[in-house]
Amino acid sequence: MSYFEDVYLKRMNKDGTTIQERAKTRKEHEFDEPFLKKTKYQGLIY
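Residues numbered from 1 in each chain as written. Predicted model: local features only at pLDDT ≥ 70, side-chain atom pairs only at ≥ 80, totals over all residues. Heavy atoms only, no water.

## Quick look at the overall build of the chain
Then, in step 1: Broken down by element type, the chain carries two helices and zero strands.
Then, in step 2: Within the chain, the proportion of its 46 residues that are buried is 2%.
Then, in step 3: Entry remark: accessible area of the chain is about 4,800 Å², with carbon and sulfur atoms responsible for 59%. (Helix = DSSP H or I, 4+ residues; strand = E, 2+ residues; numbered from the N terminus. Buried < 20%, exposed > 50% of the residue type's maximum accessible area, 1.4 Å probe, protein only. Areas by Shrake-Rupley, 256 points an atom, 1.4 Å probe, with all protein chains shown as cover.)

## Re the pattern of salt bridges
Then, in step 1: Across all of its chains, the model carries one salt bridge by this definition.
Then, in step 2: The partner of E30 in a salt bridge is R26, with the nearest N and O atoms 3.4 Å apart. Of the two residues, E30 and R26 both sit in helix α2 (residues 19-38), four residues apart, roughly one turn of that helix.
Then, in step 3: Taking relative accessible area as the criterion, R26 reaches 43% and is therefore assigned partly exposed. (Salt bridge = Lys/Arg side-chain N within 4 Å of Asp/Glu carboxyl O.)

What follows is the structure, encoded as C-alpha cells:
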C-alpha cells in the first residue's frame, strides 16, 4: 500500500467520509468538549 491510502486517507476521513457524518461528528465534538467537561456528573443516555 502507499502512503496516500494508509495514512493520508485515514487522517482525512477520521471525522467521516460524507458531509452528514462530518457534521454529526463536529456537533458531537462541540457538545462534548465545553459542556461535559464543566459538568460534575456524566451520564449515558440510551
